[in-house]
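What the coordinates show
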Amino acid sequence: MKLRDTPTDVVFVGNSLTAGEHATDLDQTFVARIRAACFSPVVQVRVIGRPGARVSDLARLRISPARSIAVIEAGTNDWLGYMGTRPRRQTPLDEFRDGYRHVLHKALSLDGRARPICLGIWGPYEPSGGIVSRLDYDEAIAAECLRADGVFVSLGGVFSDPACRGPAGRPTVFGVSDAAHPNDLGHARIASEVSAAILGCGAEGLIEEQGRRSLDAAGVQLLEPADTAAHGRLATG
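The rules we used
- Residues numbered from 1 in each chain as written.
- Predicted model: local features only at pLDDT ≥ 70, side-chain atom pairs only at ≥ 80, totals over all residues.
- Heavy atoms only, no water.
- Helix = DSSP H or I, 4+ residues; strand = E, 2+ residues; numbered from the N terminus.
- Buried < 20%, exposed > 50% of the residue type's maximum accessible area, 1.4 Å probe, protein only.
- Polar contact = N/O pair within 3.5 Å; in protein donor to acceptor, adjacent residues only side chain to side chain.
- Contact = heavy atoms within 4.5 Å.
- Expected span 1.5 Å × (residues − 1).

Let us look at the side chain of Thr8. Locating Thr8 in the fold gives a position in strand S1 (residues 8-14). Assessed through its relative accessible area of 4%, Thr8 is described here as buried. Within the structure, the side chain of Thr8 is placed 3.2 Å from the backbone oxygen of Gln44, a separation counted as a polar contact. Those residues in contact with Thr8, other than ones at most four positions away along the chain, are Gln44, Val45, Arg46, Ser64, Pro65, Ala66 and Arg67.

Here it is in structure tokens:
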């Protein structure tokens, strides 16, 4: 089986957040907001979102390597220990690091020019449940990402804002919402964070000026490039 697919300019790889849950509609997801508002139509974008996947699941997928930017959203199911109908079991950190490194390797082009943007765990800043805390997984993600010359983006602040999640019972294109996944505001906030990271790692050429001006209309608020330095550090709250 081929380890790599045909290269593309930008690739998004991740779990249910990358798939878009639980935005009201497809155009409200953080991926769609960034794609529609930021990128020129000539920029090739591939999206691989697998709800419920752990890093070992993503590592087995055929992924189009990115020529410029790879946005990786993985690890929340490993932290939660989610295994579908089977009993929950957290992924041991050493195993998680190896799997995450494999996903990065497959998502980045062989010429070394692509930059990863690595999203942290979708969960609260404070440890909650499990033997290994959310912060431990975030530290592992940040270390692997920075080793690949990438930018780490913590999602703890967005998750910790109750207005960015739920409420449960909303009708969405993905089905009835739960209280844990991001809503439209949550996806807009994630889009803002990721957009700032894209600008901060030297990918300005991918974003045309018309796209920059249209970000406000799409609900995405770009930070100034000088403000993106914090995205390369692990946010601890």
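Tracing the backbone through its elements, the reader meets Phe152 in strand S5 (residues 151-153). Phe152 gets classed as buried once you look at its relative accessible area, which sits at 1%. Between the C-alpha atom of Phe152 and that of Leu119, which follows or precedes it by 33 residues, the distance is 6.1 Å.

Attention now goes to helix H8 (residues 184-200). If you check H8, its first and last C-alpha atoms are 24 Å apart, about what 17 residues at 1.5 Å a residue would give, namely 24 Å. Counted residue by residue, H8 has 12 buried out of 17 residues, so it is predominantly covered. Within H8 the residues assigned to the buried category are Gly186, His187, Ala188, Ile190, Ala191, Ser192, Val194, Ser195, Ala196, Ala197, Ile198 and Leu199. Here H8 starts with a cap whose side-chain oxygen sits 3.1 Å from the backbone nitrogen of Leu185, and that cap is Asn183.

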